[in-house]
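# Overview (structure and organization)
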Amino acid sequence: SQTIHQWPATLVQPVGSPLSLECTVEGTSNPNLYWYRQAAGRGLQLLFYSVGIGQISSEVPQNLSASRPQDRQFILSSKKLLLSDSGFYLCAWSVRGARNSPLHFGNGTRLTVT
Amino acid sequence: QQQVKQSPQSLIVQKGGIPIINCAYENTAFDYFPWYQQFPGKGPALLIAIRPDVSEKKEGRFTISFNKSAKQFSLHIMDSQPGDSATYFCAASKNRDDKIIFGKGTRLHILP
């Protein structure tokens, strides 16, 4: 069966510090991978999605970047965190090429920037 | 850009009642409309989904009603239970698009 792992579960970082959140998927190959951010009252905001290694599409211009160094690994990064980067970050995967494949989410990382 | 509008933002219903969550969209190219359920501290999970060629879909106590001409769809929960308390998201996507666009979510609380 397929599983998705995100870590860490919670993170408190000072303003201006770097960020690296990691997500890995097991039990499937060539998945589409996504990073979403969830803020109170704003729902689920798509930040990045990837259809293959090294292929990243950015949905929202901001202080964050994403990379996909391996097929089932997706990393969210920042060089200098802002207070506005606080939120609940969710990684997700779907089956590539399948019509309307549902998203499968990890359990998220709660990031607090102080 | 908000392409899927969801209401209400929060909802409190007595046990056994029928909460209704509504969503509206503008892009007629959308052809897949899923609902996701999220419990506190967890990621969302697919609950039920519908395509625009049907007007209603039921799975257990959960029903989606779809009105293509009005570009609206809604989620009904029959005989609601306290365990249904969660945040619900409607969403939409296009067949050839890998992206799913979400509404802002509805926080549902079922009173025991």
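Reading guide: rules and limits
Residues numbered from 1 in each chain as written. Chains lettered and ligands numbered in written order. Predicted model: local features only at pLDDT ≥ 70, side-chain atom pairs only at ≥ 80, totals over all residues. Heavy atoms only, no water. Helix = DSSP H or I, 4+ residues; strand = E, 2+ residues; numbered from the N terminus. Rg over C-alpha atoms; globule rule 2.2 N^0.38 Å. Buried < 20%, exposed > 50% of the residue type's maximum accessible area, 1.4 Å probe, protein only. Contact = heavy atoms within 4.5 Å. Areas by Shrake-Rupley, 256 points an atom, 1.4 Å probe, with all protein chains shown as cover. Lys, Arg positive; Asp, Glu negative; His and termini not counted. Charge placed at Lys NZ, Arg CZ, Asp CG, Glu CD. Core = buried A, V, L, I, M, F, W, Y, C linked by side-chain atoms within 4.5 Å. Patch = residues over 30% accessible without salt bridge, like charges linked within 9 Å, V, L, I, M, F, W, Y side chains within 5 Å. Salt bridge = Lys/Arg side-chain N within 4 Å of Asp/Glu carboxyl O. Phe/Tyr/Trp six-rings, centres within 6.5 Å; stacked < 30°, edge-to-face > 60°.

Within chain A, the secondary structure is distributed over 0 helices and 11 strands. The helix and strand sequence of chain A, counted from the amino end, reads β-β-β-β-β-β-β-β-β-β-β. Computed over C-alpha atoms, the radius of gyration of chain A comes to 13 Å, within 12% of the 13 Å expected from 2.2 N^0.38 for 114 residues, which places it in the range of a compact globule. Each principal axis of the C-alpha distribution contributes one length, and for chain A these read about 40 × 25 × 25 Å. With 114 residues in all, chain A has 48% of them scored as buried. The contacts in chain A between residues at least 6 apart in sequence include a share of 56% that link residues at least 24 apart. Carbon and sulfur atoms form 50% of the exposed surface of chain A, whose accessible area is close to 5,300 Å². Side chains of chain A carry 9 positive and 5 negative charges; the gap between the two charge centres is 6 Å.

Moving on, we get to the nonpolar core. All names here are of chain B. The biggest cluster of nonpolar side chains holds 24 residues, and the ones touching the most others in it are Phe 33, Trp 35, Phe 73, Leu 75, Tyr 88 and Leu 108. When residues of this core are traced back to their parent elements, those giving at least two are strand S2 (10-14), strand S3 (20-25), strand S4 (33-38), strand S5 (45-50), strand S7 (62-67), strand S8 (72-77), strand S9 (86-93) and strand S11 (106-111). It is S9 that contributes the most residues to this core, 4 residues altogether.

Once that is clear, we can look at a nonpolar patch on the surface. All names here are of chain B. A contiguous nonpolar surface patch, about 240 Å² in accessible area, is contributed by Ile 18, Ile 20 and Met 78. Mapped onto the elements of the fold, Ile 18 is located in the loop between S2 and S3. Given the relative accessible area of 43%, Ile 18 is considered partly exposed.

In this structure the tally under the stated criterion is 17 aromatic pairs over all chains. Ring centres of Trp 35 of chain A and Phe 74 of chain A lie 6.1 Å apart, and the angle between their planes is 25°; this geometry places the pair in the stacked category. Taken together, the residues Trp 35 of chain A in strand S4 (residues 32-39) and Phe 74 of chain A in strand S8 (residues 73-78) connect sequence positions 39 residues apart. Each member of the pair Trp 35 of chain A and Phe 74 of chain A is classed as buried. Ring geometry for Phe 105 of chain A against Tyr 36 of chain B: centres 6.0 Å apart, planes inclined by 90°, an arrangement best described as edge-to-face. Taken together, the residues Phe 105 of chain A in strand S10 (residues 104-105) and Tyr 36 of chain B in strand S4 connect one chain to another. Here the aromatic residues Tyr 34, Tyr 36, Tyr 49 and Phe 105 of chain A together with Tyr 36, Phe 89 and Phe 102 of chain B are joined through ring pairs into a cluster of three or more.

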